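# Structural characterization, general
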Amino acid sequence: MHTLSIETSCDETALCIYSDEKGVIGDIILSQAKVHFPYGGVVPELSAREHTKNLLPLLDKLLKDTGFDIKRIDFISFTLTPGLILSLVVGASFAKALAYYLKKPLVPVHHLEGHIYSVFLEKPVEYPFLALIVSGGHTDIYLVESFGNYLFLGGTLDDAVGESYDKVAKLMDLGYPGGPIIDQLAKGGNAIYKLPRPMIEEDSFDMSFSGLKTAVRKIIEKGDYLKEDLSASFQEAVMDVLERKILLAMEKTGIKRLVIVGGVSANSELRRRFKEKSQKLGFELHIPHPKLSTDNAQMIAYAGMERFKRGIVAPENINPEPNIPLEIFGKLWS
Ligand code: KG4
Ligand code: ZN
């Protein structure tokens, strides 16, 4: 069976042709980072315009590069939610038009479900497991019981971790996306600044990162600071909070199997730290290759295939939503 998947929830336009037997047949991704760079963050209208401009030429290139006949597609999978609504609408309209033309079903995918299953593209993970999703829009911990069964344990009450990286980078005038830039800078710095670790001591899985950003801003406003040291200090505070909450989740659930996904899971310090902890404490750790950490269409294809195999297809009048909770989405149409 073959699917064509479409991902347009934020600032990456991505398409993938995927087979349940052969895996990824072809994959294409166009980042809009350059378009948003001057603004220090994603501009929703520009994002939607870029998706509209690029989807068709990208599909054309994907089909030419792979030599794949689009008529062999069994269904179209696409990101329905969550994301920037205008960008989701562009992707959904494209998916619907293709499905109509090819007379094939449409399979809606949740972007976070896609992220969770990005690790399965490399190697399936045994259930149950804990999933830490750290991206530009989300910082959540889920207990994944099986495909479609997601229990939300807790998450950020304000900024997502990726969002804080981007905002802190903007405060330091480093450009967008801030995560990879701060990741690099931190390697050459020392964590000498005292920064808060909000909610770290609380006996819950909730987190908060906006106070951390404000503390960074205060240091910047004083004027005299080293970007490398501030980056290292900020990163250490973030990782301390994530580590503590994950260890708490393991303690409370007794589950010693962890998946870390989403753009921030590309972070080198996050990888180093959790690898070290997993070896020391003896838990199983799965983090996808950095290329699969950030937004891509392979993960949407994988989750779409799992949904289709369970008989889940969308009605023709389906409409994207900015944020359907994953727990609820997992039970829809099944
Ligand atoms: O998953 P993703 O590509 O898109 C969303 O679904 O949000 O995540 C994008 C986020 C951005 O905030 C970006 O700064 C962050 O992931 N990111 C990183 C790194 N690479 C990307 N954050 C920290 N370190 C990195 N190496
Ligand atoms: Zn994402």
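See the structure above.
What counts and what doesn't
Residues numbered from 1 in each chain as written. Chains lettered and ligands numbered in written order. Predicted model: local features only at pLDDT ≥ 70, side-chain atom pairs only at ≥ 80, totals over all residues. Heavy atoms only, no water. Near = heavy atom within 4 Å. Polar contact = N/O pair within 3.5 Å; in protein donor to acceptor, adjacent residues only side chain to side chain. Areas by Shrake-Rupley, 256 points an atom, 1.4 Å probe, with all protein chains shown as cover. Helix = DSSP H or I, 4+ residues; strand = E, 2+ residues; numbered from the N terminus. Nonpolar A, V, L, I, M, F, W, Y, C, P; charged D, E, K, R; others polar. Expected span 1.5 Å × (residues − 1). Buried < 20%, exposed > 50% of the residue type's maximum accessible area, 1.4 Å probe, protein only.

### Points about the site of ligand 1
In the vicinity of ligand 1 lie 20 residues, with Gly136, Asp166, Asp183, Gly263 and Asp295 positioned nearest. Between ligand 1 and aspartate 166 there is a distance of 2.7 Å, counted from an oxygen atom to a side-chain nitrogen or oxygen. Asparagine 267 is positioned such that a nitrogen or oxygen atom in its side chain is 3.0 Å from a nitrogen atom of ligand 1. In isolation ligand 1 has 550 Å² of accessible area, and contact with the protein removes 91% of it. Elements represented by at least two residues in the shell around ligand 1 include exactly helix 4 (111–117), helix 5 (161–171) and helix 6 (178–187). When residues in the shell around ligand 1 are grouped by element, the largest group, 4 residues, is from helix 6. Along the lines of polarity and charge, the residues of the shell around ligand 1 split into 5 nonpolar, 12 polar and 3 charged.

### Digging into helix 3 (residues 85–102)
Spanning 18 residues, helix 3 covers 25 Å between terminal C-alpha atoms, matching the ideal 26 Å at 1.5 Å per step. Among all positions in helix 3, only Ser87, Leu88, Val90, Gly91, Ala92, Phe94, Ala95, Leu98, Ala99 and Leu102 are buried. Looking one or two residues past helix 3, lysine 103 carries a phi angle of roughly 60°, positive in sign.

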